[in-house]
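Here is what each chain is made of, one letter per residue.
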Amino acid sequence: MAFSWQAVLACRKYLIIILVPLVFLPLPLVLPSKEAECGYVIIVMALFWCTEALPLAVTALLPILLFPVMNIMDSTTVCQEYLKDTNMLFLGGLMMAIAIENWNLHKRVALRVLLITGVRPALLLMGFMVVTAFLSMWISNTATTAMMVPIAQAVMEQLHKSEIESSTTVQMSEHTNKTFELQEKSPDSFKEPEEKGNSHVLTVEEERKRNEELEKKHLKLSKGMSLCICYSSSIGGIATLTGTTPNLVLQGQINDIFPRNGGIINFASWFSFAFPTMVVLLILAWIWLQILYLGFNFKKNFGCGASPAAKAKEKQAYEIIKEESKKLGKMKFAEIQVLILFVLLVVLWFTREPGFFPGWATVLFNKDDTSYVTDATVALFISILLFILPSDFSNQGREEEQTGGRAKFRAPPPLLEWKLVQEKMPWNIVFLLGGGFALAKGSEESGLSEWLGTKLTPLQAIPHPAIAFLLCLLIATFTECTSNVATTTLFLPILASMAEAICLNPLYVMLPCTLSASLAFMLPVATPPNAIVFSYGQLRVIDMAKAGFVLNILGVLTITLAINTWASSLFQLQTFPSWANKTGTCL
């Protein structure tokens, strides 16, 4: 019996692949309509994504097979959904991130900020959180976490080592003083051995207790540091359009479902909404982790009135960061170029169509209310420059080859090489994005979106803030056990249909739910950053669940606040926009 269950568990993926399509097959057979057929495809893909029976990217390719077979869309139209403007923005942004990682620019920034914040417990926590959040705005959350955790571990080990040394010194001093006191106070020589023996037992017991306390304190601080890094990488990713993939899914879905939206979601508008949200959530996360792992003694946490021994310990930990920074040496010519290109990319993104004044794209390129130049154009322009510009102009260190008595100088490599891009580019995300766009288009073409809309009209009676809050809770719970990209891909088209049906601005529910998909704080399997910090062995699942549960609630409340305050005025969320009124039923 035990063997049969083991066999079932071992082959569960194969069973899911076979059984799921068969179980739901009656749906298109009993209801032979395009809506039912499209619903069948969505259900099968949703269950494959949730269980990961097939790789996520392979599941995303199913519309290319099933939509033409079911006469929902022809193959050419489906395939066109897989490489859109949003995919190009993702590729361009990621190439910039790969160049930054390749030349260690991210590590230099991280260490420089940590040198500024210092190593006092609360400030150290804040320093790591700020650095991690900032880096994850521009490079992948996984890469940021993988780089920051070893730095944090080195600092924590040095702090622990210094604390043990300091404790040993104090203990030896106390033991010496006690010995002198015994010698002075004991007139009877026969009592001395007994008293010294008791003193020795007491000292050993004290030492054991003190060491246990130090280990406990070190473990607690290490847990807080590990969690602050993985949480900050997820929080930081929400701030920019290219920071995490769900943001790009939203932009692509909005452009796909509502093509007349006038590019309402671009880099500048998203940053204006998401950056303040990220800052508020990051501060709340810092306060919560500080309370949970450092306690309520804020004076001690900030190092106020610290003893000379504590200051010496902090100085040694500070030296570790300083030494790591020195190892990087002076900024290379290539690093300076990458930094300039990065700054140029951000400036061009912000000033393309800022909204409060005509951007450079509007003045120079866009005509007849058509946006010829998008954020993807800018990202690819800078990415192509990375393949053109040489990484060095000097001859120093370059290979020389003797050809007929002459020295031959090899040309310097460019800032970025395609071989490196091939190694580091997550191509599966491109297909995953495409699969989402294909599903959204299929829902529209089959009439499933319209059918869902009519069924969701009773929700009009519920207050809009309550709808947004409940949906955020649902998405935040769902994303704990499912990929955040798959979550947004599945839910956003349904939310768009619902909003259109009840005459609610689609952005009012789509924006908060996209951010909620990044609130995966409770489980190690929820996101790669969580898995990375969990692999170091200091955290238990209960530690992550306890800290993450409160942070999930704080995240949902912060997003609800954002959507009803600054986002409301930024995107005019209290009005139903004309670009969303496709049926003409909402006035």
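By convention here, each chain's residues receive numbers from 1 onward along its written sequence. A pLDDT threshold of at least 70 governs which residues receive local features in this predicted model, and a stricter bar of 80 or more applies before side-chain atom pairs are shown or counted, although totals over entire chains, interfaces and linings include all residues. Note that the side-chain values use all heavy atoms of the structure and ignore hydrogens as well as water.

**A closer look at the packing of helix 13 (residues 245–257) against helix 21 (residues 427–446)**
Think of two packed helices as two axes; the pair is described by the angle between the axes and how far apart they sit. For helices, the axis comes from a line fit to the C-alpha atoms of the stretch in contact; other axes are also lines fit to C-alpha atoms, and the angle between any two N-to-C directions lies between 0 and 180 degrees. Here a helix means four or more residues in a row that DSSP labels H or I, a strand means two or more in a row labelled E, and each is numbered from the N terminus. Close contact between helix 13 and helix 21 brings their axes to 10 Å; oriented N to C, the two are set at 30°. Regarding the angle of helix 13 to helix 21, the classification is roughly parallel. With respect to the hand of their crossing, helix 13 and helix 21 are arranged in right-handed fashion. Here helix 13 contributes Thr245, Leu248, Val249, Gly252, Gln253, Asp256 and Ile257 to the contact with helix 21, which in turn contributes Ile429, Leu433, Gly436, Phe437, Ala440, Lys441 and Glu444. Residue type decides the class: Asp, Glu, Lys and Arg count as charged, Ala, Val, Leu, Ile, Met, Phe, Trp, Tyr, Cys and Pro as nonpolar, and the leftover types, Gly among them, as polar. Grouping the amino acids of the contact of helix 13 with helix 21 by side-chain chemistry returns 7 nonpolar, 4 polar and 3 charged. Angle categories: roughly parallel below 35 degrees, roughly antiparallel above 145, roughly perpendicular from 65 to 115, and oblique for all the rest. A crossing counts as left-handed when the near helix is turned anticlockwise from the far one by less than a right angle, and as right-handed when that turn is clockwise. Here, residues are in contact when the closest pair of their heavy atoms is within 4.5 Å.

**A word on the pattern of salt bridges**
Salt bridge criterion: a side-chain nitrogen from Lys or Arg within 4 Å of a carboxyl oxygen from Asp or Glu. What the rule picks out here adds up to 11 salt bridges. The partner of Glu335 in a salt bridge is Arg108, with the nearest N and O atoms 2.8 Å apart. With Glu335 in helix 17 (residues 333–352) and Arg108 in helix 9 (residues 105–117), this pair connects stretches of sequence that are 227 residues apart. Under the relative-accessibility criterion, Glu335 is labelled buried at 1%. The closest approach of N and O atoms between Arg352 and Asp375, which form a salt bridge, is 2.8 Å. With Arg352 in helix 17 and Asp375 in helix 19 (residues 375–388), the pair connects residues that are 23 residues apart, well separated along the chain. Here's how the labels work: a residue is buried when its accessible area is under 20% of the maximum for its type, exposed when over 50%, partly exposed in between, all with a 1.4 Å probe on protein chains only. Judged by its relative accessible area of 2%, Asp375 is buried. When salt bridges with common partners are traced through the structure, they connect Glu81, Lys84 and Asp256 into a single cluster.

**Remarks on the state of the cysteines**
Put simply, a disulfide is two cysteine sulfurs that come within 2.5 Å. A complete count under the given rule lists 0 disulfides for this structure. No disulfide involves Cys50; its sulfur sits 6.7 Å from the nearest other cysteine sulfur, which is in Cys481. With relative accessibility at 29%, the residue Cys50 sits in the partly exposed group. Cys230 supplies the cysteine sulfur nearest to Cys228, a cysteine that is in no disulfide, at a spacing of 8.2 Å.

**Describing helix 24 (residues 484–501)**
Since one α-helical turn is 3.6 residues long, residues separated by three or four positions face the same way. Compared with an ideal rise of 1.5 Å per residue, which puts 18 residues at 26 Å, helix 24 spans 26 Å between its outermost C-alpha atoms and is within 8% of the ideal. Considering bend angle alone, the principal kink of helix 24 is centred on Phe491 and spans about 30°; proline Pro493 follows within four residues of it. For helix 24, the buried fraction is high: 16 of the 18 residues fall into the buried class. N or O atoms within 3.5 Å of each other form a polar contact, as long as, within protein, one can give a hydrogen and the other can take it, and as long as residues adjacent in sequence are counted only when both atoms are side-chain atoms. Between a side-chain oxygen at the N-terminus of helix 24 and the backbone nitrogen of Val485 the separation is 3.2 Å; the capping residue is Ser483. Just downstream of helix 24, Cys503 is the residue with a positive phi angle, here 55°. Under the convention used throughout, the expected extent of a helix is 1.5 Å for every residue step, that is, one less than its residue count. One axis fitted to the seven residues ending at a residue, another fitted to the seven starting there: the angle between these axes is the bend at that residue.

**As for a nonpolar patch on the surface**
Patch construction takes residues with relative accessible area above 30% that form no salt bridge. Like charges are linked within 9 Å, and nonpolar side chains (Val, Leu, Ile, Met, Phe, Trp, Tyr) are linked within 5 Å. Only the protein chains shown count as cover for residues, and the accessible areas themselves come from Shrake-Rupley with a 1.4 Å probe. On the surface, Trp5, Val8, Leu15, Ile18, Leu19, Leu22, Val23, Leu25, Leu29, Val30 and Leu31 cluster together into a nonpolar patch covering about 1,100 Å² of accessible area. Mapped onto the nonpolar patch, the elements with two or more residues apiece are helix 1 (2–10), helix 2 (12–23) and helix 3 (26–30). The dominant element in the nonpolar patch, judged by the number of residues it contributes, is helix 2, at 5 residues. Classification of Leu25 by relative accessible area gives partly exposed; the value is 33%.

**Remarks on the confidence of the model for the protein chain**
pLDDT measures how confident the predictor is about each residue, on a scale from 0 to 100. Averaged over the protein chain, the pLDDT score is 83; the fraction of residues at 70 or greater is 87%. Taking the mean pLDDT of every element in the protein chain, the minimum, 48, falls on strand 1 (residues 400–403) and the maximum, 94, on helix 25 (residues 506–516). Confidence drops under pLDDT 50 across residues 178–182; counting only partners more than four residues distant or on other chains, this segment forms 5 contacts.

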